[in-house]
Amino acid sequence: MPKFKLTYFDAPTSRGEECRLALFAAGVDFVDNRVARADWPALKPTTPFGSLPVLELEGKPPISQSNTILAYVGRRFGLLPSDEWEALRLESLLGACEDLRAAVGATFGIADADELKRRRAALVEGPLRAWAGNMEKQITGPFAGGSELSVADIKLFILANWFKKGVLDHVPADALSPFAKLEAVRANVSAHPKIVAWYARAQ
Ligand SMILES: N[C@@H](CCC(=O)N[C@@H](CS)C(=O)NCC(=O)O)C(=O)O
């Protein structure tokens with residue numbers, strides 16, 4: 001099999017980690033290229049959209065956009081179902097996760113403490129709850145698309161872990177706890193043998 005290279009920062013709850021995890025779970029041999037922040041300014045202009053992650057394959061142009069990479073890995077290496085419409089439905093979950101990331105991103109860089117508190121509370125009450133409620137309706141169980149792990153599960157797992165770490169001020173670590181199906185997906189991905197194997201490796 002040709003050798004893939006996935007380039008991203010060394011960040012555990014990130015778009016790049018989703019792609020690394022998907023490649024590993026799919027059994028794809030890849031170069032796990034982790035970029036130091038100090039090296040990023042020089043690398044940035046060489047990437048298609050000035051962002052990471054980037055997937056490379058010898059003889060092909062580099063590919064950006066986490067969801068595009070996940071959909072490719074899913075379709076090519078068995079982390080999306082063969083039923084095209086069901087695969088499409090699971091890909092729509094990837095997009096919904098990026099919508100939520102954008103809503104969170106809109107609360108970054110707010111210097112005023114009161115304003116940040118107000119905006120984060122609004123985020124939790126509004127976009128985050130709406131997203132989780134809608135996601136509950138999409139999840140079949142035990143994984144998003146039924147009995148098989150998919151790239152959608154991996155993206156949900158990483159995103160839910162980000163909230164659960166409690167690193168976002170004024171976003172409670174248990175903000176997703178009322179959403180039983182989402183919580184179950186997170187737990188089931190966490191217990192999946194491939195995921196356990198990834199985290200058992202010396203990172
Ligand atoms: N829509 C893109 C967003 C990519 C993105 O914003 N990547 C961030 C890291 S998660 C990045 O490269 N930040 C450094 C920069 O923009 O200079 C994707 O899903 O890959």
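Heads up: the structure comes first, above all this text.
All of these numbers come straight from a predicted model, not from anything done at the bench. (Residues numbered from 1 in each chain as written. Predicted model: local features only at pLDDT ≥ 70, side-chain atom pairs only at ≥ 80, totals over all residues.)

1. A look at the site of the ligand
For the ligand, the full set of nearby residues is Ser14, Arg15, Lys44, Gly50, Ser51, Leu52, Pro53, Gln65, Ser66, Asn67 and Glu98. Here the shell around the ligand is built from residues that sort into two nonpolar, six polar and three charged. (Near = placed C-beta within 6 Å. Nonpolar A, V, L, I, M, F, W, Y, C, P; charged D, E, K, R; others polar.)

2. Things to note about the packing of helix H1 (residues 15-25) against helix H6 (residues 151-164)
When two helices pack together, their arrangement is given by the angle between the helix axes and by the axis-to-axis distance. Taken N-terminus to C-terminus, the directions of H1 and H6 make an angle of 140°; their axes are 9 Å apart at the nearest point. In terms of axis orientation, H1 runs oblique to H6. Relative to H6, the crossing made by H1 is right-handed. The segment H1 lies against H6, with Glu17, Glu18, Leu21, Ala22 and Ala25 engaging Val151, Ile154, Lys155 and Ile158. (Axes fitted to C-alpha atoms, helices over the stretch in contact; angles between N-to-C directions. Helix = DSSP H or I, 4+ residues; strand = E, 2+ residues; numbered from the N terminus. Parallel < 35°, antiparallel > 145°, perpendicular 65-115°, else oblique. Left-handed = near helix turned anticlockwise from the far one by under 90°. Contact = placed C-beta atoms within 7 Å.)

3. So, the nonpolar core
If you look at the biggest cluster of nonpolar residues, it comprises 45 residues, and the most contacted ones within it are Ala22, Val151, Leu156 and Leu182. Of all the secondary structure elements, the ones that give two or more residues to this core are strand S1 (4-9), H1, strand S3 (54-57), helix H3 (66-77), helix H4 (84-105), helix H5 (113-138), H6 and helix H7 (180-191). Examining the composition of this core, we find that nine residues originate from one element, H6, more than from any other. Residues within four places of leucine 156 in sequence aside, it is in contact with Leu93, Cys97, Ala144, Leu182, Val185 and Arg186. (Core = buried A, V, L, I, M, F, W, Y, C linked by C-beta atoms within 7 Å. Buried ≥ 20, exposed ≤ 12 C-beta atoms within 10 Å, placed from the backbone.)

4. Thoughts on H4
Here H4 contains 22 residues, and its C-alpha end-to-end distance of 32 Å stays within 8% of the 32 Å for a straight helix at 1.5 Å per residue. Along H4, the residues that are buried comprise Ala87, Leu90, Leu93, Leu94 and Cys97. Down the axis of H4, the smallest arc covering the buried residues is 105°, so these residues share one side. Facing away from the buried side of H4, by more than 90 degrees, are the exposed residues Glu84, Trp85, Leu88, Ser92, Gly95, Asp99 and Ala102. (Expected span 1.5 Å × (residues − 1). Arc of directions from axis to C-beta.)

5. Focus: the pairing of S3
The pairing of S1 with S3 spans four bridges and is antiparallel. Bridge pairing links lysine 5 to glutamate 56 in S3. In this sheet, strand S4 (residues 63-64) lies alongside S3 in antiparallel orientation, the contact comprising two bridges. Bridge pairing in S4 links valine 54 to serine 64. Turn length for the S3-S4 hairpin, with the two strands adjacent in sequence and antiparallel, is five residues, and the turn residue glycine 59 shows positive phi of about 85°. (Pairing = 2+ DSSP bridges.)

No statement about biological role is implied by the geometric values presented.
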